[in-house]
Amino acid sequence: MAEEIKCTITKKIGVLSKKDNGYSKQINLVSWNEREAKLDIREWSPSDRGIKGITLTDEEGRKLLAVLQAYYDEVDGELPL
């Protein structure tokens with residue numbers, strides 16, 4: 001029998017989007033199976049059940065921030081004034 005996966009949101013950081021059915025895409029700190037909490041981006045049901053998503057270490061989260069900042073700086077630089 002498969003082991004149950006325990007998921008605990010330790011800190012809600014922000015909501016990226018919400019759907020009419022109550023589901024929302026969120027950024028949170030999440031502990032999986034009582035391990036150290038990691039940055040987590042995924043869709044959640046109204047009852048806080050996680051659907052598909054991605055979990056990042058602190059280092060990966062910081063790298064994602066830097067990569068996105070560089071991308072948006074470049075894109076914004078290409079927009080006509």
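Residues numbered from 1 in each chain as written. Predicted model: local features only at pLDDT ≥ 70, side-chain atom pairs only at ≥ 80, totals over all residues. Heavy atoms only, no water.

A. Spatial organisation of the pattern of salt bridges. On inspection of all chains with the given rule, the structure shows 5 salt bridges. Between Asp-40 and Arg-42 there is a salt bridge, with its nearest N and O atoms 2.7 Å apart. According to the relative accessible area criterion, Asp-40 is buried, its value standing at 0%. (Salt bridge = Lys/Arg side-chain N within 4 Å of Asp/Glu carboxyl O. Buried < 20%, exposed > 50% of the residue type's maximum accessible area, 1.4 Å probe, protein only.)

B. View of the pairing of strand β1 (residues 7-18). Summarising the sheet, β1 and strand β2 (residues 24-32) pair through 9 bridges and their orientation is antiparallel. Residue pairing for β2: Gly-14 is matched across the bridge by Ile-27. In sequence, β1 turns back onto β2 through a hairpin of 5 residues, with Gly-22 there showing a positive phi of about 95 degrees. (Pairing = 2+ DSSP bridges. Helix = DSSP H or I, 4+ residues; strand = E, 2+ residues; numbered from the N terminus.)

C. Geometry of the sheet that holds β2. Pairing is antiparallel in the open sheet, where 4 strands are placed in the order β1-β2-β3-β4. Of all the strands in the sheet, the pair left with one neighbour each is β1 and β4 (50-56). Averaged over all pairs of adjacent strands, the angle between strand axes in this sheet comes to 25 degrees, irrespective of strand direction. Here strand β3 (residues 38-44) pairs with β4 via 5 bridges, running antiparallel. From the neighbouring strand, Ile-41 faces β4, where its bridge partner is Ile-54. In the packing of helix α1 (residues 58-78) onto the sheet, contacts are made with β3 and β4, and the angle to β4 comes to roughly 90 degrees. (Axes fitted to C-alpha atoms, helices over the stretch in contact; angles between N-to-C directions. Contact = heavy atoms within 4.5 Å.)

D. Structural context of the side chain of Glu-43. In this structure, Glu-43 sits in strand β3. Judged by its relative accessible area of 17%, Glu-43 falls in the buried class. Of the polar contacts made by the side chain of Glu-43, one reaches the side chain of Lys-19; its length is 2.9 Å. Look past the residues within four positions of Glu-43 in its chain and what remains in contact with it is Lys-19, Tyr-23, Ser-24, Lys-25, Arg-49, Gly-50, Ile-51 and Lys-52. (Polar contact = N/O pair within 3.5 Å; in protein donor to acceptor, adjacent residues only side chain to side chain.)

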